[in-house]
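Structure assessment
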2 protein chains.
Amino acid sequence: MHTSGSGRPAAHSPRPAAPGGARVAGTPSPATPQAALPPARRVTLAQVARASDVSLKTASRVLGGEPHVASATRERVLAAARSLGYQRNTAASLLASGRRADYLGLITGDLTNPFYAALAQEIEESTRVHHLRLNLSSSGESPETEWELARSLSDQRCRALIVVSSMSDHAGYGELQRTGMPVVFVDRPARGVEADSVVLDNVRGGQLAAEHLLAQGHRDIAYIGDYDWLPTQRERFEGFARAMGRSGAGPWRDLVRTGAHDVPGAREAVQDLLSGARAPSAFVAGNNRSSLAVLQELVSRFPQPASRPAIVGFDDVEWAEVLGLTVIAHEAGEMGRRAVDLVLGRLGNPDRAPVSLVLPVRVIARGSGELAPPPTR
Amino acid sequence: MHTSGSGRPAAHSPRPAAPGGARVAGTPSPATPQAALPPARRVTLAQVARASDVSLKTASRVLGGEPHVASATRERVLAAARSLGYQRNTAASLLASGRRADYLGLITGDLTNPFYAALAQEIEESTRVHHLRLNLSSSGESPETEWELARSLSDQRCRALIVVSSMSDHAGYGELQRTGMPVVFVDRPARGVEADSVVLDNVRGGQLAAEHLLAQGHRDIAYIGDYDWLPTQRERFEGFARAMGRSGAGPWRDLVRTGAHDVPGAREAVQDLLSGARAPSAFVAGNNRSSLAVLQELVSRFPQPASRPAIVGFDDVEWAEVLGLTVIAHEAGEMGRRAVDLVLGRLGNPDRAPVSLVLPVRVIARGSGELAPPPTR
DNA sequence: GTGAAAGCGCTAACAA
DNA sequence: TTGTTAGCGCTTTCAC
């Protein structure tokens, strides 16, 4: 048996041709070779009809779940379909009927961000309740990829689309809407197109975070934020700036670091701040990645929890509780449910005026945001 | 402006008809009503052909990216397509060509589990490299939902399927394979069907966890595990049991709690153990959910880190480092890449013998697993 | 309750 | 380089 491993793998080896560290267990070929089976030609409705001695149309009725078929006939067709291994050809069905597919499309930016994962999960569940499926895909925050995915979904006659968009202009989506596909924007508002959207009250979130720390007596409050083009980042920062401006806390802008989308990037920003001339006594983290980055850096630099700078994070992720992290929380799940409701509402009433929903945020105090600044001032 | 919120929402209100806590910002209707536009009838290739004064076939060639078209003709068709807002009908295209769609299907069990999220992310990226899209959906660990999704994907003539299966028997997948769609099983092995698979060396993982704690002198080692039907859980437990059995650590089976899939469930199990007659001095957590649950419970019961029971978790999640959690780690990303390689390999060579890959695991020591048992024994 | 014919929008084969 | 013809597998009329 192999050993317990040899350190981290070569990062992203493009095509691991050789098995590398993996153990290959050649499955012994059992006695049922699949070569004996017919070629990859699919069973068609016509074959089922012939086998059960009915017309094509009757077979179609049965397999399409239509009424007005004698139950004896129905059973016969069903049996034939089962024994032949019939699988409906969705493409043909869609083409003939002119209907749209039975799934919603969801384009998100990053599967591994727990916030989007929670959102996707909730959308999935809401979708299922309405007897629709969900086709989830990720743009990797690339506008080009996003548009490609959106086009592809539209070409596939997807029923409706929910998008966490990384595009700065959504005029192109108008083209898709015009073919009868509702589009709902989540987390980031629609720009340049009339469409429904659900977003968070980000301005208020940023403001609450700053005010919470100001109330503890902090003045040197740092802000760690995401990409500057992200509407969520801009709005959260706007709220932060508003509260800081009002507070008279001095030249707070020196302690602002934005543009870091992942944990390593944000961590660098924190390191930079902590080794700067004016070390902050508190941090506002603009999302869950930066929250984690700030925590990692603080924990490693300040072994005693009580002596650490304060921090208010964003997004109430699963690990926030155990780390005693004060956060600006919101309901990702609620956002998902609302998005599905909007999409279905518009499916039922395409001409309804666009709706923009703004969901509330709130502070959850867990200790990290209630630490006082050091007395030596 | 509304206040900062009013506690947690009513859990899963089925259809939030009224706006509730959300602010509705009615978007002012701009001057471009979309009522003036033509109905939702799509532009067809025939219309593009007519508009650019070429045959249907030539238009098809241009829009299908085929060669052997005069560049002047090509431009003319492209221009017409653009100005008419042509969108290819994928269903018709697939039907006529008999090809399969340009995406892989991935069925996973739980979008919000960071392990599966990382897996999906990597599969997405590997897939994109090969100019294919990814259609991700979640079964919610329901075998029925999984099969429905698999059938639907197959009916849509999805190119190939990667599954984190919650079914106990996979014979049904054979039917899908027979129509020419490769199926690869990830994280959980194929049962009852000949198919490629990539899994972790779970037995060894469970064994390493137990041995690590035994080496620190622990004897009262608890095990917190997932659903008993999960192959990963069974194998991890098997490894744990093997190490414990060899160790002569007494009646260790009393300290085993399995069947908890989510954090609250696992947390209950930990509470139960900690208030039992024989409190464990160490924990092995069978996955990242139970790791978090154990940590939450230990942190809340034992304010001093040094006095806490030891813990070795499973899955190297993002928050493990900041919490000093010793884990059994593996490469979820590697698993994803291998799965895509297998799927593409089989696409190129359908008759190749099934391959089973087993990826290695290893211990990452971060402190929580190196705590000694209390001296009072 | 059942069936015949037409055609959804596109591509494959072949011809010109 | 371009066009013609014949379907792909299904659903929709509309008849019986």
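Please read all numbers here as calculations on a predicted model, not as lab measurements. (Residues numbered from 1 in each chain as written. Chains lettered and ligands numbered in written order. Predicted model: local features only at pLDDT ≥ 70, side-chain atom pairs only at ≥ 80, totals over all residues. Heavy atoms only, no water.)

**A word on the overall build of chain A**
Threshold: The helix and strand labels rest on DSSP assignments: H or I over at least four residues marks a helix, E over at least two residues marks a strand, and numbering proceeds from the N terminus. Only protein chains enter the accessibility calculation, which uses a 1.4 Å probe; a residue whose area is less than 20% of its type maximum is buried, one above 50% is exposed, and one in between is partly exposed. Per-residue and other accessible areas follow the Shrake-Rupley method at a 1.4 Å probe size, with only the shown protein chains counted as cover for residues.
Helix and strand counts for chain A stand at 12 helices and 13 strands. Out of the 377 residues belonging to chain A, those deemed buried represent 54%. Carbon and sulfur atoms make up 54% of the accessible area of chain A, which totals about 15800 Å².

**Re the protein's contact with DNA strand D**
Which entries qualify depends on this criterion: When we say a residue is near a molecule or strand, we mean one of its heavy atoms is within 4 Å of it. What qualifies as a polar contact is a pair of N or O atoms within 3.5 Å, subject to a donor-acceptor requirement within protein and to the restriction that residues adjacent in sequence count only when both atoms come from side chains.
The environment of DNA strand D is formed by 25 residues, the closest being L45, K57, S60 and Y86 of chain A together with T73 of chain B. For DNA strand D, the fraction of atoms within 4 Å of the protein that belong to sugar or phosphate moieties is 60%. Separating a base nitrogen of DNA strand D from a side-chain N or O atom of R61 of chain B is a distance of 2.9 Å. In the model, a base oxygen of DNA strand D is placed 3.1 Å from a nitrogen or oxygen of the A96 of chain B main chain. Put simply, the parts of the chain that give the surface near DNA strand D at least two residues each are α2 (56-63) and α4 (90-97) of chain A together with α2 (56-63) and α4 (90-97) of chain B.

**Some remarks on the sheet that holds strand β10 (residues 310-314) of chain B**
Residues and elements named next belong to chain B. Selection criterion: Pairing between two strands is assigned when DSSP locates at least 2 bridges connecting them. Note on contacts: a residue pair is in contact if any heavy atoms of the two residues lie within 4.5 Å. Fitted lines through C-alpha atoms give the axes, limited to the stretch in contact for helices. The angle between two N-to-C directions lies from 0 to 180 degrees.
Here 6 strands make up an open sheet; going across it, the order is β8-β7-β9-β10-β11-β13 and the pairing mixed. Among the strands making up the open sheet, the edge pair consists of β8 (256-257) and β13 (362-364). Where helix α8 (residues 202-215) meets the sheet, its contacts fall on β7 (221-224), β9 (282-285), β10, β11 (326-329) and β13, and the angle it forms with β10 comes to roughly 165°.

**Regarding the sheet that holds strand β8 (residues 256-257) of chain A**
All names here are of chain A. Within the open sheet, the 6 strands sit side by side as β8-β7-β9-β10-β11-β13. Their pairing is mixed. Of all strands in the sheet, those with a lone pairing partner are β8 and β13 (362-364), marking the two edges. With 3 bridges joining them, strand β11 (residues 326-329) and β13 adopt antiparallel strand pairing. By the bridge assignment, A329 is partnered in β13 with R362. Sitting on the sheet, helix α10 (residues 263-274) is in contact with β7 (221-224), β8 and β9 (282-285), with an inclination near 160° to β7.

**Some points on the domain arrangement of chain A**
All names here are of chain A. We count it as follows: Just so you know, the domain bounds were taken from an automatic or database domain assignment. Reported buried area values correspond to the accessible surface (1.4 Å probe) lost by two parts on association, with both partners' losses combined.
Considered domain by domain, chain A is made up of domain 1 (45-88), domain 2 (103-200 + 333-359) and domain 3 (202-330). For domain 2 versus domain 3, the distance between C-alpha centres works out to 29 Å. On the side of domain 3, 13 residues touch domain 2, which itself brings 10 residues to the contact. Both faces combined, the contact of domain 2 with domain 3 buries some 1000 Å², and carbon together with sulfur accounts for 58% of it. Here domain 2 is connected to domain 3 by 2 residue pairs in polar contact (both at pLDDT 80 or more).

**A word on the protein's contact with DNA strand C**
Close to DNA strand C lie 26 residues; T58 and T73 of chain A together with L45, S60 and Y86 of chain B are nearest. Y86 of chain B is positioned with one of its side-chain polar atoms (N or O) 2.4 Å from a phosphate oxygen of DNA strand C. Interatomic distance of 3.4 Å between a backbone N/O atom of A92 of chain B and a base nitrogen of DNA strand C. Elements represented by at least two residues in the surface near DNA strand C include exactly α2 and α4 of chain A together with α2 and α4 of chain B.

**Section: the packing of helix α10 (residues 263-274) of chain B against helix α11 (residues 288-301) of chain B**
Residues and elements named next belong to chain B. For clarity, the threshold we go by: Comment on the angle field: the value is read as roughly parallel under 35 degrees, roughly antiparallel over 145, roughly perpendicular from 65 to 115, and oblique elsewhere. Helix crossings get a hand from a simple test, with the near helix turned counterclockwise from the far one by less than a right angle marking a left-handed crossing and a clockwise turn marking a right-handed one.
It is at 8 Å that the axes of α10 and α11 come closest, and there the two elements cross at 50°. Between α10 and α11, the angle is such that the two are oblique. The two elements α10 and α11 cross, and the hand of that crossing is right-handed. Of the residues in α11, those in contact with V263, A266, R267, V270, Q271 and L274 of α10 are R289, S290, L292, A293, V294, Q296, E297, L298, S300 and R301.

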